Amino acid sequence: MKIGMALKELFKGLTIDGVSVQFHFGDQKELNMWIASKMKSNKQKYPLIWYVIAPKEPQGNGKFRVDTQLILFQGSKSELFNTERYEKTYLTYLEPLYEKVQKMLYASRMFR
């Protein structure tokens, strides 16, 4: 959870194409609850950075080793063909978000 909270702070205020990026963390059960909560309250869900919680191994000097995933989500309409989805979702949100996340993680020196 410490890593999840640190990432939450790191990604606070992040926007893509003028849209604020959501962040949360947990397992599949937590993801399902989070999405259901957003749908029930009619609040923005995407774009979303999801940190999959994994065990951490202390490495000394306050550092941890974690073998985990950051998953990037962006909602799209199911009736879109892949070529349209690529242009409207991937190029507009996912690829720029991936680039920003990479830069932020390396600049923060949290992940190397």
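A brief look at the structure comes next.

About the thresholds
Residues numbered from 1 in each chain as written. Predicted model: local features only at pLDDT ≥ 70, side-chain atom pairs only at ≥ 80, totals over all residues. Heavy atoms only, no water. Pairing = 2+ DSSP bridges. Helix = DSSP H or I, 4+ residues; strand = E, 2+ residues; numbered from the N terminus. Axes fitted to C-alpha atoms, helices over the stretch in contact; angles between N-to-C directions. Contact = heavy atoms within 4.5 Å.

Strand pairing within a sheet occurs via backbone hydrogen bonds; the two strands may be parallel or antiparallel. Overall, mixed pairing links the three strands, which are arranged β3-β4-β7 in an open sheet. For this open sheet the edge positions go to β3 (22-26) and β7 (69-73), each flanked by a neighbour on one side alone. Neighbour to neighbour, the strand axes of the sheet diverge by 20° on average, direction disregarded. Judged from the five bridges that link them, β3 and strand β4 (residues 48-52) form a sheet pairing that is parallel. Its bridge partner lying in β4, Phe-23 is registered against Ile-49. Across the sheet, helix α2 (residues 28-41) is in contact with β3, β4 and β7; its angle to β3 comes to roughly 145°. Seen against the sheet, helix α3 (residues 82-108) touches β4 and β7 and runs at an angle of roughly 150° to β7.

A few words on unusual backbone geometry. Leaving glycine out, the prevailing phi sign among residues is negative, and the prevailing peptide bond configuration is trans. With an omega dihedral of 0°, the bond running from Tyr-46 to Pro-47 counts as a cis peptide bond. Within the secondary structure, Pro-47 is located in the loop between α2 and β4. The phi dihedral of Asp-17 falls on the positive side, at around 55°, and the residue is not glycine. Position of Asp-17 relative to the elements: it lies in the loop between β1 (15-16) and β2 (19-20). Backbone geometry places Asn-61, a non-glycine residue, at a positive phi of 55°.

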